[in-house]
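Close look at the chain arrangement
The residues making up each chain are set out below.
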Amino acid sequence: MRRRPGIAGIQRDVATREQYRSAGEEVRRASLQQMKAQLATFKSSLEAFALQHKADIRADPVFRAQFHTMCANIGVDPLASNKGMWAELLGFGDFYYELGVQLVEACLASRQLNGGLMELGALRAAVERRRGSRSDPVSEDDIVRAVRKLKVLGGGIDIVTIGRGTYIRSVPGEFNTDKNKVMELAQAAGYISAGQLASTAGWSSQRCERVLAELLKEGMAMIDDGAPDKIRLYWFPALMPQQQQQQQ
């Protein structure tokens, strides 16, 4: 029969566990302080880098996107405040404020045609036309960052993924999975019929008609009854780049 540990043995075990716990906390505190010191060094180096390459960051969209990635890796958001150090150092506050206004204007100008859904590349092209050749160039990454900032203000602006494409939606309302599926299936040709939708998606005719009617009501689709086979087609202007390129 094994003997149970005495009071002294239990006390030694408790003391040993307490020593391990204290040692572990000390290691965690030391590691945390070291990480904070490293982070402060990184931020200081990032500020020096930004100051040295300020002109390149403003003028080169690719370089600017890489700089944003560097900032995100150490928890710095240059767009967090218009009055912060980064806004003063790089002028990011004014840059993205102006970009936000311009992209909203471009979305409003094209809404009557596309129902408030615009392909990201087409929106960037429309914004650059508004900015003129003398302004700093913008990238799709810049557009996405500006939209994310505007999204916080409400108003329905959002980023939507349809198939392999990225679109900016500038009208309030629900863009549900059924609507997304319809536009994904129509993406290759720019249009689809109710019959094609039913056979490809495996939906009932009632479901197809309901979703297509909603897209028509929201202005995202247009009816074409002029096909040679007399089958009604539903065209989606947001999926037709040649029309988007004409938007001012």
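Quick caveat: nothing in here was measured; it's all calculated off a predicted structure. (Residues numbered from 1 in each chain as written. Predicted model: local features only at pLDDT ≥ 70, side-chain atom pairs only at ≥ 80, totals over all residues. Heavy atoms only, no water.)

**A short note on the overall build of the protein chain**
Within the protein chain one finds 11 helices and 6 strands. Within the protein chain, the fraction of its 248 residues that count as buried is 37%. Summarising the internal contacts of the protein chain: among those between residues at least 6 apart in sequence, 57% fall at separations of at least 24. A total accessible area of about 15000 Å² is found for the protein chain, and carbon and sulfur atoms account for 52% of it. (Helix = DSSP H or I, 4+ residues; strand = E, 2+ residues; numbered from the N terminus. Buried < 20%, exposed > 50% of the residue type's maximum accessible area, 1.4 Å probe, protein only. Contact = heavy atoms within 4.5 Å. Areas by Shrake-Rupley, 256 points an atom, 1.4 Å probe, with all protein chains shown as cover.)

**Focus: the packing of helix H6 (residues 120-131) against helix H7 (residues 140-151)**
In contact at an axis separation of 9 Å, H6 and H7 are set at 95° when each is read in the N-to-C sense. Judged by the angle between their axes, H6 and H7 are roughly perpendicular. Residue-level contacts link Leu 120, Gly 121, Leu 123, Arg 124 and Val 127 of H6 to Glu 140, Ile 143 and Val 144 of H7. Partitioning the contact of H6 with H7 into residue classes produces 5 nonpolar, 1 polar and 2 charged. (Axes fitted to C-alpha atoms, helices over the stretch in contact; angles between N-to-C directions. Parallel < 35°, antiparallel > 145°, perpendicular 65-115°, else oblique. Nonpolar A, V, L, I, M, F, W, Y, C, P; charged D, E, K, R; others polar.)

**Quick notes on the packing of helix H8 (residues 177-186) against helix H10 (residues 205-217)**
In the contact formed by H8 and H10, the axes pass within 10 Å of each other and the chain directions differ by 90°. Judged by the angle between their axes, H8 and H10 are roughly perpendicular. Contacts between H8 and H10 involve Asp 178, Lys 179 and Val 182 from the former and Arg 207, Arg 210, Val 211, Leu 212, Glu 214 and Leu 215 from the latter. Partitioning the contact of H8 with H10 into residue classes produces 4 nonpolar, no polar and 5 charged.

**A closer look at the confidence of the model for the protein chain**
Detail in the predicted coordinates should be disregarded across regions flagged by low pLDDT. The predicted model of the protein chain has a mean per-residue pLDDT of 78, with 66% of residues at 70 or higher. Segment residues 242-248 is flagged for pLDDT under 50; beyond a separation of four residues in sequence, or across chains, it makes 19 contacts in the model. (pLDDT = per-residue confidence, 0-100.)

**Some words on the packing of aromatic side chains**
Pairs of aromatic rings are described using the distance from one ring centre to the other and the angle between the two planes. The tally for this structure, following the rule as stated, stands at 1 aromatic pair. Ring centres of Tyr 191 and Trp 235 lie 4.5 Å apart, and the angle between their planes is 45°; this geometry places the pair in the tilted category. Of this pair, Tyr 191 sits in strand E4 (residues 191-193) while Trp 235 sits in strand E6 (residues 233-235), placing them 44 residues apart in sequence. Judged by its relative accessible area of 23%, Trp 235 falls in the partly exposed class. (Phe/Tyr/Trp six-rings, centres within 6.5 Å; stacked < 30°, edge-to-face > 60°.)

**Describing the sheet that holds strand E5 (residues 222-224)**
Spatially, the 3 strands line up as an open sheet ordered E4-E6-E5, and their pairing is antiparallel. Single-partner strands in this sheet number two, and they are E4 and E5. Taken over all neighbouring pairs, the strand axes of this sheet differ in orientation by 30° on average, direction set aside. Relative to E6, E5 is paired through 3 bridges, and the arrangement is antiparallel. Bridging across to E6, Ile 223 finds its partner in Tyr 234. (Pairing = 2+ DSSP bridges.)

**Focus on the pattern of salt bridges**
Counting across every chain of the model gives 8 salt bridges. Here Glu 218 makes a salt bridge to Lys 179, at a shortest N to O gap of 2.5 Å. Note that Glu 218 is positioned in the loop between H10 and E5 and Lys 179 in helix H8, a separation of 39 residues in sequence. Arg 210 serves as the salt-bridge partner of Glu 214, at 3.6 Å between the closest nitrogen and oxygen. One end of the pair is Glu 214 and the other is Arg 210, both in helix H10 and 4 residues apart, which spans about a single turn. On the basis of relative accessible area, Arg 210 is assigned to the partly exposed category, the value being 40%. By sharing partners, the salt bridges in this structure join Asp 178, Arg 207, Arg 210 and Glu 214 into a single network. (Salt bridge = Lys/Arg side-chain N within 4 Å of Asp/Glu carboxyl O.)

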